[in-house]
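What follows is the residue order along each chain.
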Amino acid sequence: KNEVEQSPQNLTAQEEEFITINCSYSVGISALHWLQQHPGGGIVSLFMLSSGKKKHGRLIATINIQEKHSSLHITASHPRDSAVYICAVLSGGSNYKLTFGKGTLLTVNP
Amino acid sequence: GAGVSQSPRYKVAKRGQDVALRCDPISGHVSLFWYQQALGQGPEFLTYFQNEAQLDKSGLPSDRFFAERPEGSVSTLKIQRTQQEDSAVYLCASSGWTSVGTGELFFGEGSRLTVL
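Thresholds applied
Residues numbered from 1 in each chain as written. Chains lettered and ligands numbered in written order. Predicted model: local features only at pLDDT ≥ 70, side-chain atom pairs only at ≥ 80, totals over all residues. Heavy atoms only, no water. Helix = DSSP H or I, 4+ residues; strand = E, 2+ residues; numbered from the N terminus. Rg over C-alpha atoms; globule rule 2.2 N^0.38 Å. Buried < 20%, exposed > 50% of the residue type's maximum accessible area, 1.4 Å probe, protein only. Contact = heavy atoms within 4.5 Å. Areas by Shrake-Rupley, 256 points an atom, 1.4 Å probe, with all protein chains shown as cover. Lys, Arg positive; Asp, Glu negative; His and termini not counted. Charge placed at Lys NZ, Arg CZ, Asp CG, Glu CD. Pairing = 2+ DSSP bridges. Axes fitted to C-alpha atoms, helices over the stretch in contact; angles between N-to-C directions.

**Q** Help me understand the overall build of chain B in this model?
**A** Secondary structure summary: chain B contains zero helices and eleven strands in total. Listed by position from the N terminus, the elements making up chain B come as β-β-β-β-β-β-β-β-β-β-β. A compact globule built from 116 residues should have a C-alpha radius of gyration of about 13 Å, and chain B, at 13 Å, falls within 12% of that. Principal-axis analysis of the C-alpha atoms gives chain B an extent of 40 × 25 × 25 Å. The burial tally for chain B puts 47% of its 116 residues in the buried class. Sequence-distant contacts, at least 24 apart, represent 53% of the contacts inside chain B between residues at least 6 apart. Accessible surface computed for chain B: about 5600 Å², of which carbon and sulfur atoms make up 46%. Put simply, chain B has 11 plus and 12 minus side-chain charges, and the middle of one group is 8 Å from the middle of the other.

In structure tokens form, the structure reads like this:
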């Protein structure tokens with residue numbers, strides 16, 4: 001079993017829909033990253049969080065340390081949000097070694 | 001430059017050839033990471049540099065893989081005697097912090113290696 005599990009693997013939505021992507025992990029962590037990867041490879045860091053909730057524009061990330069679970073929400077989704085969203089955790093006492101999920105492929109149709 | 005730059009973006013190699021992939025991190029960033037991303041998978045850690053020191057190379061798949069960052073800025077990932085299983089996107093990332101639990105990671109566009 002992977003340390004980091006994301007669901008769903010694939011998600012198709014209509015423009016303006018509210019999107020939720022989930023990330024569960026099996027180990028104690030000190031931080032969790034949400035990343036966005038567009039076709040062609042480039043990865044952009046969206047959020048880094050260790051507790052609570054963060055918001056940036058239409059994106060919201062939450063984490064529940066006790067339940068070992070994080071969610072990424074996108075409000076009023078848009079076709080330009082179409083990308084792979086990847087969750088990565090910092091665990092095992094390391095301050096640099098990230099373990100990544102396989103990603104969730106989001107397609108937002110107009 | 002303003003971001004992390006990787007070259008080449010695409011490399012096709014015949015099995016058995018040596019390849020070198022370059023990463024130019026954001027100026028002044030102390031931490032540099034190499035990751036390997038197979039098709040349809042998340043990135044996997046290969047190695048970590050803090051300035052010129054390679055502090056962790058535990059993710060390198062075999063002794064055919066070698067990475068260096070001699071002056072604490074540009075880094076090169078070298079793969080000797082390439083095999084088909086080496087085909088992947090190789091991602092470089094840098095950070096101004098020594099902990100990825102403290103600050104943001106900045107990724108390059110990746111180098112896509114195809115071994116025939």
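**Q** Please clarify how the sheet that holds strand S1 (residues 5–7) of chain B should be interpreted in this entry.
**A** The strands that make up a sheet pair up through hydrogen bonds in the backbone, lying either parallel or antiparallel. Residue and element names in this part refer to chain B. Taken together, four strands build an open sheet; the order of strands is S1-S3-S8-S7 and the sheet is antiparallel. Each edge of the open sheet is held by one strand with a lone partner, namely S1 and strand S7 (65–68). Put simply, the sheet's adjacent strands are angled 15° from each other on average, direction ignored. Sheet topology note: the S7/strand S8 (residues 75–79) ladder contains four bridges and is antiparallel. When the bridges of S8 are listed, Phe-65 appears paired with Ile-79.

**Q** So what exactly am I meant to see when it comes to the pairing of strand S6 (residues 53–56) of chain B here?
**A** Consecutive residues of a regular strand have side chains that alternate between opposite faces of the sheet. Residue and element names in this part refer to chain B. As defined by bridge partners, strand S5 (residues 44–50) adjoins S6 across three bridges and the pair is classed as antiparallel. Bridge pairing in S6 links Tyr-48 to Asp-56. In textbook terms, the turn of a hairpin is the stretch between consecutive antiparallel strands, and for S5 and S6 this stretch comprises two residues, one of which, Asn-51, has a positive phi near 55°.

**Q** What is the right way to look at the sheet that holds strand S8 (residues 69–74) of chain A in this model?
**A** Residues and elements named next belong to chain A. The five strands lie next to each other as S1-S3-S8-S7-S6, forming an open sheet whose pairing is antiparallel. Of all strands in the sheet, those with a lone pairing partner are strand S1 (4–7) and strand S6 (52–56), marking the two edges. Strand-to-strand twist across the sheet, computed as the mean angle between neighbouring axes with direction ignored, equals 15°. Summarising the sheet, S6 and strand S7 (residues 59–64) pair through five bridges and their orientation is antiparallel.

**Q** Sorry, what's going on with unusual backbone geometry here?
**A** Glycine aside, residues mostly have negative phi, and peptide bonds are mostly found in the trans state. Following Ser-7 of chain A, the chain continues into Pro-8 of chain A via a peptide bond in cis, with omega recorded as -10°. Considering the arrangement of structural elements, one finds Pro-8 of chain A in the loop between S1 and strand S2 (10–14). The omega torsion across Ser-7 of chain B and Pro-8 of chain B is -5°, close enough to zero to call that bond cis. Look at Glu-16 of chain A: it is not a glycine, yet its phi comes out positive at around 85°. Structurally, Glu-16 of chain A is set in the loop between S2 and strand S3 (19–25). The class for Glu-16 of chain A is exposed, based on a relative accessible area of 57%. Unusually for a residue other than glycine, Ala-76 of chain A sits at a positive phi of about 45°. You can see Ala-76 of chain A is positioned in the loop between S8 and strand S9 (83–91). Among the residues examined, Ala-76 of chain A registers a relative accessible area of 30% and is labelled partly exposed.

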